[in-house]
Amino acid sequence: MNKEVSGFVAVIGAANIDLTGTIKGQAVDGDSNPGEVTVSAGGVARNIAENLAHLGTNCELATAIANDVWGAQLTEKCESLKIAMHNSFVSETQRTSTYLSVHDKQGELITAINDMAVLDSLDAKALASRIASLSKADAWVIDANLSDDALSFLFENYADIKIWVDPVSTIKAQRLIPYLSKIHCLTPNLLEAGVLAGLPVNDSKDAPVLAQKLHDKGVKQLLITLGEQGAFASDGASSAWLPAKPVSVKNVTGCGDAAIAALVHGAVSGLNWSSSCDLAMSAAALTASTMQTNSPLLSTLGNPA
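Since the structure is predicted, the reported quantities are computational estimates derived from the model, not experimental observations.

Chemist: Can you walk me through helix α10 (residues 273-288) in this structure?
Modeler: Structural remark: α-helix, 3.6 residues per turn; residues separated by three or four positions point the same way. Helix length check: α10, at 16 residues, gives a terminal C-alpha distance of 23 Å against a target of 22 Å (1.5 Å per residue), a fit within 8%. With 13 of 16 residues buried, α10 lies mostly within the body of the structure. Capping the start of α10, N272 holds a side-chain oxygen 3.3 Å from the backbone nitrogen of S274, two or three residues further along.

Chemist: Before we go on, may I ask you to explain helix α1 (residues 44-55) in this structure?
Modeler: The end-to-end C-alpha separation of α1 is 17 Å, in line with the 16 Å expected for 12 residues at 1.5 Å each. Counting buried positions over the 12 residues of α1 gives 11, a clear majority of the element. Within α1 the residues assigned to the buried category are V44, A45, R46, N47, I48, A49, E50, N51, L52, H54 and L55. A positive backbone phi angle near 110° is found at G56, which sits one or two residues after α1.

Chemist: Whenever I open this one, the nonpolar core confuses me. Can you help?
Modeler: Across soluble globular proteins, you tend to see nonpolar side chains buried next to one another. If you look at the biggest cluster of nonpolar residues, it comprises 49 residues, and the most contacted ones within it are I12, W140, I142, F155, L186, L214 and I224. Counting residues per element, this core draws most heavily on helix α5 (residues 148-157), at 5 residues. Apart from residues lying up to four places away in sequence, I12 is in contact with A45, A62, L122, L127, L134, W140, V141, I142, D143, L146 and L154.

Chemist: Explain the sheet that holds strand β7 (residues 98-103) to me, please; I cannot follow it from the model alone.
Modeler: Paired through their backbone hydrogen bonds, the strands of a sheet run either parallel or antiparallel. Pairing within the open sheet is mixed, and its 4 strands lie in the order β3-β2-β7-β8. The sheet is open, and its two edges are formed by β3 (35-42) and β8 (109-115), each paired on a single side. Geometrically, the sheet is characterised by an average inter-axis angle of 15° between neighbouring strands, direction not taken into account. Pairing analysis gives 8 bridges linking strand β2 (residues 16-23) to β3, with the strands arranged antiparallel. For G21, the partnering residue across the bridge sits in β3 and is V37. Across the sheet, helix α2 (residues 69-80) lies against β2, β3 and β7, angled at about 95° from β2, the strand it touches most.

Chemist: Looking at this structure, how should I read the environment of M291?
Modeler: Inspection of the secondary structure puts M291 in the segment after α10. Its relative accessible area of 42% is what places M291 among the partly exposed residues. A sequence separation of 118 residues divides M291 from A173, and the C-alpha atoms of the two residues are 27 Å apart. In this structure M291 touches T22, K250 and N251, once residues within four positions along its chain are discounted.

Chemist: Please explain the packing of helix α7 (residues 190-197) against helix α8 (residues 207-216) as it appears in this structure.
Modeler: What describes two packed helices is the angle between their axes and the distance between those same axes. The contact between α7 and α8 brings their axes to 9 Å, and the two run at 40°. Considered as vectors, α7 and α8 are oriented oblique to each other. Between α7 and α8 lies a crossing whose hand is left-handed. In this structure, α7 contributes L190, A193, G194, L196 and A197 to the contact, and α8 contributes A207, L210, K213 and L214. Class assignment of the residues belonging to the contact of α7 with α8 gives a composition of 7 nonpolar, 1 polar and 1 charged.

Chemist: I would appreciate a short explanation of the environment of D149 in the present structure.
Modeler: With respect to the helices, strands and loops of the structure, D149 is situated in helix α5. Residue classification places D149 among the partly exposed positions, given a relative accessible area of 41%. Once residues lying within four places of it in the same chain are set aside, the contact partners of D149 are D123 and A124.

Chemist: Looking at this structure, I do not really get the pattern of salt bridges. What am I missing?
Modeler: Charged atoms that come close allow side chains of opposite charge to pair. A complete count under the given rule lists 4 salt bridges for this structure. A salt bridge links R95 to D115, with the shortest nitrogen-to-oxygen separation between them at 2.7 Å. Within this pair, whereas R95 is found in the loop between β6 (89-91) and β7, its partner D115 is found in strand β8, the two being separated by 20 residues in sequence. A relative accessible area of 56% places R95 in the exposed class. A residue is classified by how much of its surface remains accessible, and D115, at 24% relative accessible area, is partly exposed.

Conventions and cut-offs
Residues numbered from 1 in each chain as written. Predicted model: local features only at pLDDT ≥ 70, side-chain atom pairs only at ≥ 80, totals over all residues. Heavy atoms only, no water. Helix = DSSP H or I, 4+ residues; strand = E, 2+ residues; numbered from the N terminus. Expected span 1.5 Å × (residues − 1). Buried < 20%, exposed > 50% of the residue type's maximum accessible area, 1.4 Å probe, protein only. Polar contact = N/O pair within 3.5 Å; in protein donor to acceptor, adjacent residues only side chain to side chain. Core = buried A, V, L, I, M, F, W, Y, C linked by side-chain atoms within 4.5 Å. Contact = heavy atoms within 4.5 Å. Pairing = 2+ DSSP bridges. Axes fitted to C-alpha atoms, helices over the stretch in contact; angles between N-to-C directions. Parallel < 35°, antiparallel > 145°, perpendicular 65-115°, else oblique. Left-handed = near helix turned anticlockwise from the far one by under 90°. Nonpolar A, V, L, I, M, F, W, Y, C, P; charged D, E, K, R; others polar. Salt bridge = Lys/Arg side-chain N within 4 Å of Asp/Glu carboxyl O.

Right, dumping it as structure tokens:
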């Protein structure tokens, strides 16, 4: 049985409606492919918040949505999971973010489109109006969907709070480069790690060199995710190759969000780095084994204290 954590974690970043299409047969470019389309609550920050809730960590979500049907659906979903939404913003003029992804029959991502303009309203001025509440958190989790203005405000003014960061993509990861020394824990994939370290990437064997470079730039802890090859974990004092847990993969979307949520949950629960990393690999595997981006099965993960 998982341990419920007192206090709370503030998660700051994107909340989307996810439109996920999975092709049933062999993908045919430039044509209509038979498959299945599902609609669900998503967004990197929101996904992390849901995973934290399933793991037993109290959390508050600071995001931006619109006053529309999908915004109401996201709010209802979060509140049903006891994710506090009072630090979020509701736009009267924009539309709620959407993320459209297409996957092959193995669940691997083929392509995706994001429509996230509403998140620009979560700027430094908006965050400043919520900072009295956010600064009481035990930790922050930030995604790189945030604007440069928002990231600068958070990193430059609140360095005393431990911050976990999801780089989101190679393009958005570049926004984090000025703030690497202020990041407690970073969870890039291999290509994102290369961008952040400023080094070329050939294959997964480059992970230790990338990790050391990022430690040199000030990042305290790193989990470099490697897909089916697992992950490389390092806290500066020790490092380890972590094999992926054996599961039948149905959908890889959300595995990274599950992993970072488990790392945060482990840390605020008092677990050491090694145990938190093992929990992260289990959370990623459980997520990959279902069609859901956020698996309620995370609630079955006990803390390996």
